[in-house]
Structures are given as structure tokens and as C-alpha cells.
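Per-entry structural report
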Number of protein chains: 2
Amino acid sequence: MAELSQIAVVPEAGRHESLKEAVREAGGVVVAPGEASAIVWADPAHPNDLGPVVEQSPTARWIALPFAGVEPYVRLIRQFPDRLWTCARDVYSRPVAEHAIALATSGLRHIVGYARESQWTEPHGHMLVDGRLTIFGGGGIASEIVRLLQGWNCEITVVRRNPRPMDGVARVLGSAEAAEAVRRADAVILAVPLTAETAGLIGADVLAAMKPHAWLVNVARGGVVDTDALVKALVEGAIGGAALDVTDPEPLPEGHPLWVLSNVVITPHIANTPEMGIPLLAAHIRRSVEAWLRGDEPPGRVDPSAGY
Amino acid sequence: MAELSQIAVVPEAGRHESLKEAVREAGGVVVAPGEASAIVWADPAHPNDLGPVVEQSPTARWIALPFAGVEPYVRLIRQFPDRLWTCARDVYSRPVAEHAIALATSGLRHIVGYARESQWTEPHGHMLVDGRLTIFGGGGIASEIVRLLQGWNCEITVVRRNPRPMDGVARVLGSAEAAEAVRRADAVILAVPLTAETAGLIGADVLAAMKPHAWLVNVARGGVVDTDALVKALVEGAIGGAALDVTDPEPLPEGHPLWVLSNVVITPHIANTPEMGIPLLAAHIRRSVEAWLRGDEPPGRVDPSAGY
């Protein structure tokens, strides 16, 4: 039986050093996986490498994943449901929420279009201040967007699985009312986890319900949007534009129609850059290990059946 | 002597109809300039046409200008200092403040750069959330920016002629401390009137004091910046970039170096588009005429000596 304080940080990857430091700051001792009570997984890029580590670490009762979206790990989590799996849910909400607002305003304000000009052109633009915003998702990113927009006099609608009221939100609707929810919005921000229920959630019907000047912003996962339906809506001018930090497929291959449409901007999954995220992740791991050493459950438990 | 209620709205220009409507809604009667107690000037484009109208309207004791920046009218205002001149100061603060924030975040977040890519590229970006902002100007636009950023945990410095404290602002400095004021900022927003004192305020010294990742945002007037010094700083990478809604000269001629620099975005003086601004202006004129009919001074008095 491993001591609670014995914690492995693997593999040797980019975030490795700052996460080891965080474990030690919390009072933990960094050990090899075979003798650890917990594993802090430090590599976002190679999900398949984690399976053998978990198998070879029967003493590790808690596995901390360093991301918010854990869909590449869901099979593994379901394979070891007796372990406690946590993710970095809500840890990156602030940078992602800011990026979502920056994308929405740079689209609505036509900054994306002006960035491609080399001459003085005509006035364009719509406001998010005094406007209307619909957010899909009622988690940490949505809460943070609502908080950042508190002075903007923006009427916010949230669409979530369980339509409980939220502070600062004018109305909360269930997923079945997606088309109704976007009808009056100037911008629609996607901030839901990718699950069987949200895959393809934004399809032709929702896009057709949007206003012709409204922008779609995706900071969730590419698979939440039906890409073909989106390209069609953009080509036809059915919506104002799309600002996508995530795509399907991702990375978006060269020559894909989304690269050349004038009413699209793509940022390469950088709402939370490593530079922004690593200090936030290290702080999360420090707090998580502190809880673990106190005998409390670390934050961010993943529900194996829901997949997030 | 003209009745207070007799108000001229000239010339026949784009804003003319909605401003006549606003005068009538306030209880005024629209008359010709020769028999008016006040003139509402409806044309932003032809300042030279106003002189003859004022001369031929000896009964007009109040002249309402429909803009915030009245520098093309200052000579005329000084020529008729016995009249009350008002401008639309603070009327467009909300759209302009939103545009300033949109420009700052689209620069810092590298959205401007990504908008010009046609392939998946590397992570870039800095946050304004949890960052530092310096605003030149302590008027309506600055106050509105501070209000919009209230949830952003952004440390704000304001530089103004009279360094009185401002709500929500960490420190207020005088113009002599401009270089010191920008030293730690992630973004610098210009929101001052163009006067003899502010012309060329942002020169080589201030630019040299800025951080290499910091963006300069101009929603004031092009002449506040020394354009040659700015181009030099941008070419050398001394600052992160420039997001300019106003330029000197303006419109910026084709082939100007600012059009081709990768760390620049230019929007064509559209922080407040006609679509956004006309309803705001009409509401301002309605409130102004209501004050005039009550015998109060309408808002937005221009100080002929200060020039704003």
C-alpha cells in the first residue's frame, strides 16, 4: 500500500517539471508509478500511453488528467472505473472565456474582414454590448463568460442539459430548444463537452434559425458542429460568420473550404495556450494534491458514464 | 427673437430625418435657420458649410454638433464664441469602448494574425483578463472601457491632463508620465481628444517604453500618434502590434506601410458605425432639445479655448 503522499508525475513531458513542483509544494513526494497512491498525467498528446501506466500501478487510486475535455480517455476511464479520475474542469475557463468573447467581437465588429484588407473600405459591424448572446453549455466557461460580460448589458441565453437558472443569465433552455435559443442572438458561443448527446448538436436546423448577421463561436470541440452544414450556411450567407478555435477534423487540413471563406476565422485550438494554461494547471494540481493529503476528494471528478 | 421651440436641422443629409424626428419628439418645431433659436447640424462631412449658416442665423444662440471630436470646427467655434456650442461628447462611448476592447483582444490573442493564415499554425496569444491596461484619456470612452472590463481583473492605469482618481482605475497619472504609464501594460488604448497638447503624444519615447508583446489601440484620432515612429516600432518588433481605427493621414492611402505589416490591423474609423451611432445621436438630440426647452443648458458644451 502506497503512502498518500507518494505521487507519480508521468511521463517526462513539457508540463512535467512545473507539475512535479506543484506536487512538492502541496506536501507530496514524487515517486515512480509502481509505488504511487496517485498518478498525475502530464502529457496531453499521447492518450494511449496512459493505459499501460495505470495497469502497472495497482496502488494508484487517483489519476489526475491535465485537461478539461477528456474524450480521448473515456474508454480507459470506463476500463478502470474503480479508480478516481479527475480532470482539469473549469481550470482553463478564464482564458477560454476571454478567447470566446474576443472571437465573437472580432467577428461581429468585422475585424476579421478588415484584417485581410489593404485599403480603406466601408463601415461594417454589430455590437455585442447591448446585444444578445446564446451560450451552449452551463459549466465553468459559460459562467466565466457571463462574469466577463457583466457590464455589457448583453441579454444572455444559456442552453444546457439540465435547464437550472444561472446568475446573470436571462433564460436557460434545454437542448431540445436549441433552434429557439439562437433565434434572436447576435452571437452563439459553444462551450459544451463533446459527448454522444452534443456531437453534431449544431446542424442545419440550428444554423437556419440564426440571424443573418450572427456569428457562431466554437471554443468547445469541433465535433459539436456539423461541419458540412456549417460550410453550406457560410457560403450561402445564412449566418454572419464563424470563429472557430476547434474544428472537425482537427487540425484542419490545408485546402479545406473553411480556410478560404471570407466570413470565417480559425484559431488553432489556442483559447488556452500552454503559456496561459501551465500556471493554471500547476495551481490546480497543487490544490488537488492538498485535498488528497487531507483525505478529501480532489476537484474535477469525471463521471465515467457521462464521459466528462 | 425666435421662440425657444423653433429649431433648425440642417443640411439635408443622411442623419437629417431622424434628427428632425428627435427635435419634434422633444417638443420642438423644425424651422429654417433664419428664424431658429438653435441649429442642429446634421452633416459630419462638410464642416465648411456650417460657417455661412451660423452667420445667416443671428437668432440661433445654440449650435449642436453631431460628433464627439470637433477639431474641424474649432476655428468656427472661436469665431462665434457668443453662441453656445455643444458636441456629442460621450454619446458614442459605448460602441467606441467595445471596439477598443475588441481591437485589443484581437491583437493580443493573435486573431488578427490567424485571420490571414490558410493553415494550422503555432500557439500565440496574451490575455487582457488578469492583465494590465493603460488608457490615455479620462473621459466618457475611458469610463466606459473601465465599466466593460469590471469583471476582467485587469489592472488599469489612466493618463489624463488632470490626474484625479477614477472609479475602477488602479492609478491615474499626468501626461508628463506617459512613458512610465505604459511600461507594464499589455495593451495601451488611446481615447483622448486631438488637441495641440495631444498631437504626437505617442512618439518614439512612449513606444520604446512599451513591452514587446503589448498592443497599441487607437480609437481617438490618428494625429495623437507619430505615425513614422509607430511604423519604425512595428517593423523592429519593439511592440506587439497596433490596432488602429483612426490613422494619420486618414483615410490611409493604398500602399502605406501600415497596410502590409503583419502586426497591424486597421479598421476604417468604424468604432461607431452610422448604424450604431444614429439612434444614439437622435436620443442625445432629443435629450438636448428637452433641456433647451426647459431653459437648461444642453449637455456637451464645447470649451472654445480647450477645443473640445
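Quick look at the structure, then. Residue positions are counted from 1 within each chain, in the order its sequence is given. The naming scheme follows written order: chains are lettered A onward, ligands numbered 1 onward. Residues qualify for local features only when their pLDDT is at least 70, as the model is predicted, and side-chain atom pairs are given and counted only at 80 or more; totals for whole chains, interfaces and linings, by contrast, use all residues. Heavy atoms from the whole structure form the basis of all side-chain values; hydrogens and water molecules are not counted.

1. Considering the relation of the copies chain B and chain A
Least squares is the method for superposing the copies, and the C-alpha atoms it fits come from residues with pLDDT of at least 70 in both. Rotating chain B by 180° and translating it 0.0 Å along the rotation axis places it on chain A, where the RMSD comes to 0.0 Å. Seen this way, the second copy is the image of the first under a two-fold rotation axis.

2. Re helix α11 (residues 274-294) of chain B
For the purposes of this entry, the term helix denotes a DSSP run of H or I that reaches at least four residues, the term strand denotes a run of E that reaches at least two, and both are numbered from the N terminus. The span expected for a helix works out to 1.5 Å for each residue beyond the first. Taking 1.5 Å per residue, 21 residues should reach 30 Å; α11(B) reaches 29 Å between its end C-alpha atoms and fits that length. Burial classification: accessible surface area is computed with a 1.4 Å probe over protein chains only, and a residue below 20% of its type maximum counts as buried, one above 50% as exposed, and the rest as partly exposed. Buried within α11(B) are the following residues: B:M276, B:G277, B:L281, B:A282, B:A283, B:H284, B:I285, B:S288, B:V289, B:A291 and B:W292.

3. Topic: the state of the cysteines
Disulfides are defined in this document as cysteine sulfur pairs within 2.5 Å. Summed over all chains, the structure comprises zero disulfides over all chains. In this structure A:C154 is a free cysteine whose sulfur lies 20 Å from that of B:C154, the closest cysteine sulfur available. By relative accessible area, A:C154 is classed as buried at 11%.

4. Observations regarding the packing of helix α4 (residues 93-108) of chain A against helix α6 (residues 140-148) of chain A
Residues and elements named next belong to chain A. A fitted line through C-alpha atoms represents every axis, and for helices the fit uses only the stretch in contact; the resulting angles, taken between N-to-C directions, go from 0 to 180 degrees. Where α4 meets α6, the axes come as close as 8 Å, and the angle between the chain directions of the two elements is 60°. By the angle between their directions, the pair α4 and α6 is classed as oblique. Here α4 runs over α6; the crossing is right-handed. Residues S93, R94, V96, A97, E98, A100 and I101 of α4 form the contact with α6, whose participating residues are G140, I141, E144, I145, R147 and L148. What sets the label is the angle itself: under 35 degrees gives roughly parallel, over 145 gives roughly antiparallel, 65 to 115 gives roughly perpendicular, and the rest give oblique. By definition, any crossing whose near helix is turned counterclockwise from its far helix by less than a right angle is left-handed, and any crossing with a clockwise turn is right-handed. Note on definitions: a residue-residue contact is assigned when non-hydrogen atoms from the two residues lie within 4.5 Å.

5. Quick word on the pairing of strand β3 (residues 38-41) of chain A
A regular strand places its side chains so that they alternate between the two faces of the sheet. All names here are of chain A. Here β3 shows no split at all, with A38 and V40 on one side and I39 and W41 on the other all buried. For two strands to pair, DSSP has to find at least two bridges joining them. Bridge analysis of strand β1 (residues 6-10) against β3 gives four bridges, and the strand direction is parallel. Following the sheet pairing, V10 is matched in β3 by W41. The pairing of β3 with strand β4 (residues 62-64) spans three bridges and is classified as parallel. The residue of β4 that forms the bridge with A38 is W62. Seen with the strands pointing away from the viewer, any crossover whose path from the first strand over the helix to the second strand runs clockwise is right-handed. What joins β3 to β4 is helix α2 (residues 50-55), and the crossover it makes is right-handed.

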